[in-house]
Amino acid sequence: MYQISVQLPFNGFHVKGKITLPVQANSLIIFSHGYGLSKLMVHEHRLALEFQQAGFGTLVLDLLDEHDELPIKYKDIDLLSKGLVTSTNWLSSHSEYRSLNLAYFGSGTGSAAAVNAASELGSIIKTIVSLSGRLNLCSKNLVKIKCPVLLLTGEMDFKTVNINQNAIKYLKPNKQLAIVPGASHMFEEADKLNEAANITLSWFKKHLSWDKSKASTF
């Protein structure tokens, strides 16, 4: 298992994160979450571990570190999106990572940032998975997405279910809305988070093709 921390400047701030790549991983899943430190997001780290154990690389990002303070005026989806674009362009041009298939895994407001970034990056992003996504915050860019998209919500998270049912109408073919019975917002229940992980892994295995000739070896 290969691990490295990265830190990239943008817009007077920086995006930082940790890349984890299993041996011969051919794909990298970039996590996009809302404001807050990733180390405080238990569900995110559990899912990242599940993806790594299945052979996928992960990049778990933070827009800021714990010593930074973001002015209120910058707390918007556009800044999150710019951080994602910065890190994705760096990966796609870096000699060690440019052969990897790149995907976004977004949650909450981070899902909206992932959609906005993917709409700008085009074919660089191979697929998007949105967990409890606030896709009403990126509605103008949903129609621009060309890659396969999975929307995943909990049955008991009524507001987000409605948002995703509306959002999927604007996505092009090769899309799916999965509503997990009995799950609440962000899948706080351990068994429901496991179910979300299994659904997501099936999606990634289907849409991130394995090509040994492009596999990274570390």
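Within each chain, residue numbers correspond to sequence positions counted from 1 in written order. The model is predicted, so local features are restricted to residues of pLDDT at least 70 and side-chain atom pairs to those at 80 or more, both for listing and for counting; the totals for chains, interfaces and linings are taken over all residues. Excluding hydrogens and water, the side-chain figures rest on all heavy atoms present in the structure.

What follows deals with the packing of helix 2 (residues 77-93) against helix 3 (residues 109-121). Remark: helix 2 packs on helix 3, axes separated minimally by 8 Å, with the N-to-C direction vectors making an angle of 55°. The angle between helix 2 and helix 3 falls in the class oblique. In terms of crossing hand, the pair formed by helix 2 and helix 3 is right-handed. Counted together, I77, D78, L80, S81, L84, V85, T88 and N89 of helix 2 and T109, A112, A113, A114, N116, A117, E120 and L121 of helix 3 form the full contact between these two elements. Note on method: axes are straight lines fitted to C-alpha atoms, helices fitted across the in-contact stretch only, with angles between N-to-C directions ranging 0 to 180 degrees. Note on conventions: DSSP H or I runs of at least 4 residues are helices, E runs of at least 2 residues are strands, and numbering of each starts at the N terminus. For classification purposes, an angle smaller than 35 degrees is called roughly parallel, one larger than 145 roughly antiparallel, one from 65 to 115 roughly perpendicular, and anything else oblique. Crossings are sorted by hand: turned counterclockwise from the far helix by less than a right angle, the near helix makes the crossing left-handed, and turned clockwise it makes it right-handed. Any two residues whose heavy atoms approach within 4.5 Å at even a single point are treated as in contact.

Turning to the packing of helix 1 (residues 42-53) against helix 6 (residues 190-207), a few remarks are in order. Two quantities define a packed helix pair, namely the angle between the helix axes and the distance between the axes. Interhelical geometry of helix 1 versus helix 6 gives an angle of 45° and a closest axis separation of 10 Å. Considered as vectors, helix 1 and helix 6 are oriented oblique to each other. The element helix 1 and its partner helix 6 pack so that their crossing is right-handed. Seen from helix 1, the contacting residues are H43, R46, L47, E50 and F51; seen from helix 6, they are A190, L193, N194, A197, T200, L201 and F204. Classification convention: Asp, Glu, Lys, Arg as charged; Ala, Val, Leu, Ile, Met, Phe, Trp, Tyr, Cys, Pro as nonpolar; all other residues, Gly among them, as polar. Looking at the contact of helix 1 with helix 6 residue by residue, the class counts come to 7 nonpolar, 3 polar and 2 charged.

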